[in-house]
Amino acid sequence: MSESPVTVPQKQHCENHQRCMEMIQAVLDGSATPEEMEHFKNNIESCLPCIEGYQLEKEVKQSISQKVEKKCCPGKTVDDIKKKIGLALSLAALFALQYSIYHAAFTI
Ligand SMILES: [Zn+2]
């Protein structure tokens, strides 16, 4: 067993997370240079905030592209939309209710 051990994320805090995230977005956009790709691969294995950031960015990008490409949304996105619609509807209902109360109060 002289193989190199599986790399476990070492860094709990990223000292240059802003730059890391720019690099991650470039990689996900496909606009990263080969040097950036190489740096990204080396960095992503050791930096926990970057791994999380990368996965989050990837999920966001995937859900956006799925929304654009398909008419059908993944369950998570549908739930999000339902929540937003539900909130908008309950706000609208609240306004309508308030309006009818005021309207009734002023006309009677
Ligand atoms: Zn980092």
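Computed from a predicted model, the values in this text were never measured in an experiment. (Residues numbered from 1 in each chain as written. Predicted model: local features only at pLDDT ≥ 70, side-chain atom pairs only at ≥ 80, totals over all residues.)

### Structural notes on the overall build of the protein chain
Here is step 1 of the chain: Helix and strand counts for the protein chain come out as four helices and zero strands.
Here is step 2 of the chain: Along the chain direction, N to C, the helices and strands of the protein chain fall in the order α-α-α-α.
Here is step 3 of the chain: Looking at the protein chain as a whole, 7% of its 108 residues qualify as buried.
Here is step 4 of the chain: When contacts within the protein chain are restricted to residue pairs at least 6 apart in sequence, long-range pairs at least 24 apart make up 54% of them. (Helix = DSSP H or I, 4+ residues; strand = E, 2+ residues; numbered from the N terminus. Buried ≥ 20, exposed ≤ 12 C-beta atoms within 10 Å, placed from the backbone. Contact = placed C-beta atoms within 7 Å.)

### Remarks on the environment of Glu-36
Here is step 1 of the chain: Along the chain, Glu-36 falls in helix H2 (residues 34–44).
Here is step 2 of the chain: Along the chain, Glu-36 and Met-23 lie 13 residues apart, while their C-alpha atoms are 6.7 Å from each other.
Here is step 3 of the chain: When residues no more than four places from it in sequence are discounted, the contact partners of Glu-36 are Met-23, Ala-26 and Val-27.

### Digging into the nonpolar core
Here is step 1 of the chain: One finds Cys-20, Met-23, Ile-24, Val-27, Ile-44, Cys-47, Cys-50 and Tyr-54 forming the largest nonpolar core, which totals eight residues.
Here is step 2 of the chain: Counting only elements with at least two residues in this core, the list comes to helix H1 (17–29) and helix H3 (48–69).
Here is step 3 of the chain: The element that contributes the greatest number of residues to this core is H1, accounting for four residues.
Here is step 4 of the chain: Filtering out sequence-adjacent residues up to four positions away, Cys-20 remains in contact with Cys-14, Asn-43, Cys-47, Cys-50 and Gly-53. (Core = buried A, V, L, I, M, F, W, Y, C linked by C-beta atoms within 7 Å.)

### Some remarks on H1
Here is step 1 of the chain: Compared with the 18 Å implied by 1.5 Å per residue over 13 residues, the 18 Å span of H1 between its first and last C-alpha is a close match.
Here is step 2 of the chain: Buried residues of H1: Cys-20, Met-23, Ile-24 and Val-27, and no others. For H1, the angular spread of the buried residues around the axis is 100°, confining them to a single face. Opposite the buried face of H1, by more than 90 degrees, sit the exposed residues Gln-18 and Asp-29.
Here is step 3 of the chain: Where H1 ends, the next residue or the one after it, Gly-30, has phi of about 80°, a positive value. (Expected span 1.5 Å × (residues − 1). Arc of directions from axis to C-beta.)

### With respect to the confidence of the model for the protein chain
Here is step 1 of the chain: Chain-level pLDDT for the protein chain is 81 on average; 84% of the residues reach the 70-or-more range.
Here is step 2 of the chain: Here helix H4 (residues 75–107) is the element of the protein chain with the lowest mean pLDDT, 77, and H1 is the one with the highest, 89. (pLDDT = per-residue confidence, 0-100.)

### Re the environment of Gln-18
Here is step 1 of the chain: Summarising the element assignment, Gln-18 is placed in helix H1.
Here is step 2 of the chain: Sequence spacing of Gln-18 and Cys-50 is 32 residues, and the spatial spacing of their C-alpha atoms is 9.7 Å.

### Considering the packing of H1 against H2
The axes of two packed helices give the description: the angle between them and the distance between them.
Here is step 1 of the chain: Contact geometry for H1 and H2: axes closest at 10 Å, N-to-C directions at 120°. Taken as a pair, H1 and H2 cross one another with a handedness that is left-handed. Judged by residue contacts, Cys-20, Met-23, Ile-24, Ala-26 and Val-27 of H1 engage Glu-36, Met-37, His-39, Phe-40 and Asn-43 from H2.
Here is step 2 of the chain: Of the residues belonging to the contact of H1 with H2, the class tally is seven nonpolar, two polar and one charged. (Axes fitted to C-alpha atoms, helices over the stretch in contact; angles between N-to-C directions. Left-handed = near helix turned anticlockwise from the far one by under 90°. Nonpolar A, V, L, I, M, F, W, Y, C, P; charged D, E, K, R; others polar.)

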